[in-house]
Amino acid sequence: MALALLVFTSLTHAGNPPPLEKLSFLPQWRPQAQFAGYYVALEKGLYRRAGIDLEIIPGGPDRSATDYLIHHRADIVSMWLSSAVQLAADGVDIGHLAQVIQRSALMMVSKKSSGINSIRDMNGRKIAMWPSDFQIQPLAFFERNGIAVQPITLANTLNIFLRGGSELALVMWYNEYHTLQMYGVDPEQLQPFFFSETDLDFPEDGLFAMGDTWVSRQNTLCRFVQASFDGWRYAFDHPEEAIDIVLAAMRRESVPASRSHQAWMLSCMKSLILPRNPSERMGVLQVSDYVRVSRVLEDCHRITGTPNFDYFSKGCMNDVSQ
């Protein structure tokens, strides 16, 4: 009788898997290939296979990742490591789940016709920059090199740079640098300056949750992270299908889309996400990177002390057995 009951119970459980756990995720910007891994994982059912019913909340200028995280409007957000370190230093109980982008894609670009071909040539010139945390690296760079520039606020387009209103512009390698080429600018006419080639190489997009969410849902958060990186791997192995999925997400949010631009972005993501050293794992935040970012933030007086790394880093991708 007991055996029959056990068999019946097993069959019942086999036929009725546990309900999916609801989870929400906010990327820090609108749908684009910068977030391809998440949209691919959702479309291919990788989150559901991990027991998660995921809602991706489209990011954008009207949805701050910081606000959504602090006010628990999203369980997980994507944001720059430098932004999260500042929140932690300000006393926000924020936990780092995984480091997606391993090196900086932020760069400066000038037209060679402007005569800016070296760092010293930047002195006294106008540079168009986005506000806020985008300025941490360039301002530290100028100070370290004894350069005085004239900052100009960069709006949503590169028109001010294209029309000669600034001689330098701050851009992302995976986005605006390629946009310039789509506008007809020959890359041979541009002089790039990559922060990844300096001692201001900041890892960028990471995955974060609030401390109380981590305490109550640690296993679920790490299953989300694992499924997300499975999505990235699938996207890198099937780029055309991944771009189709991203373009569909962009259309749903009425975001203008270009297939060639998204293909460029996805190829850049592959370079930025896969570790340079094949022996290293995807998604792991290196202590040396954390210390470098924190020390620059201290030098810039944005934080007064480095938050404890062991508390900050939850390390969902640190287990080598996974």
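The preceding data block contains the structure.
Below is a summary of the structure that appears in this document.

Cut-offs and rules
- Residues numbered from 1 in each chain as written.
- Predicted model: local features only at pLDDT ≥ 70, side-chain atom pairs only at ≥ 80, totals over all residues.
- Heavy atoms only, no water.
- Helix = DSSP H or I, 4+ residues; strand = E, 2+ residues; numbered from the N terminus.
- Salt bridge = Lys/Arg side-chain N within 4 Å of Asp/Glu carboxyl O.
- Buried < 20%, exposed > 50% of the residue type's maximum accessible area, 1.4 Å probe, protein only.
- Pairing = 2+ DSSP bridges.
- Axes fitted to C-alpha atoms, helices over the stretch in contact; angles between N-to-C directions.
- Contact = heavy atoms within 4.5 Å.

## A look at unusual backbone geometry
1) Next: You will see that His72, though not glycine, has its phi angle at about 55°, which is positive.
2) Next: When you line up the elements, His72 lands in the loop between helix H4 (65-70) and strand E3 (76-80).
3) Next: Unusually for a residue other than glycine, Ser132 sits at a positive phi of about 65°.
4) Next: Counting through the fold element by element, Ser132 comes out in the loop between strand E6 (126-129) and helix H6 (136-144).

## Describing the pattern of salt bridges
1) Next: Inspection of the entire model under this criterion finds 13 salt bridges.
2) Next: In this structure, the salt-bridge partner of Arg217 is Glu21, at a minimum N-O distance of 4.0 Å. One end of the pair, Arg217, is in helix H9 (residues 211-237); the other, Glu21, is in strand E1 (residues 21-26), and 196 residues separate them in sequence.
3) Next: By relative accessible area, which is 30% here, Glu21 ends up partly exposed.
4) Next: Among the ionic pairs, Asp244 bridges to Arg259, the shortest N-O distance being 2.8 Å. Residue Asp244 is located in helix H10 (residues 239-252), and its partner Arg259 is located in helix H11 (residues 259-273); the two are separated by 15 residues in the primary sequence.
5) Next: Given the relative accessible area of 40%, Asp244 is considered partly exposed.

## Remarks on helix H2 (residues 36-43)
1) Next: Within H2, six of the eight residues are buried, which leaves the element mostly enclosed by the surrounding structure.
2) Next: Those residues of H2 lying buried are Ala36, Gly37, Tyr38, Tyr39, Val40 and Ala41.
3) Next: Positive backbone phi, at 75°, marks Gly45, one or two positions downstream of H2.

## Here's the deal with the sheet that holds strand E7 (residues 150-153)
Paired through backbone hydrogen bonds, the strands of a sheet run either parallel or antiparallel to each other.
1) Next: Strands sit in the order E7-E6-E8-E5-E9 across an open sheet of five strands; the sheet is mixed. Edge positions in the open sheet fall to E7 and strand E9 (190-194), since each of these has one partner strand only. The mean angle between the axes of side-by-side strands here comes to 30°, regardless of whether they run parallel or antiparallel.
2) Next: Looking at chain direction, E6 and E7 are connected through four bridges and run parallel. The residue of E7 that forms the bridge with Ile127 is Pro151.
3) Next: Strands in contact with H6 are strand E5 (106-111), E6 and strand E8 (168-172); relative to E5, the strand with the most contacts, it is inclined by about 65°.

Taken by themselves, the reported measurements are silent on function.
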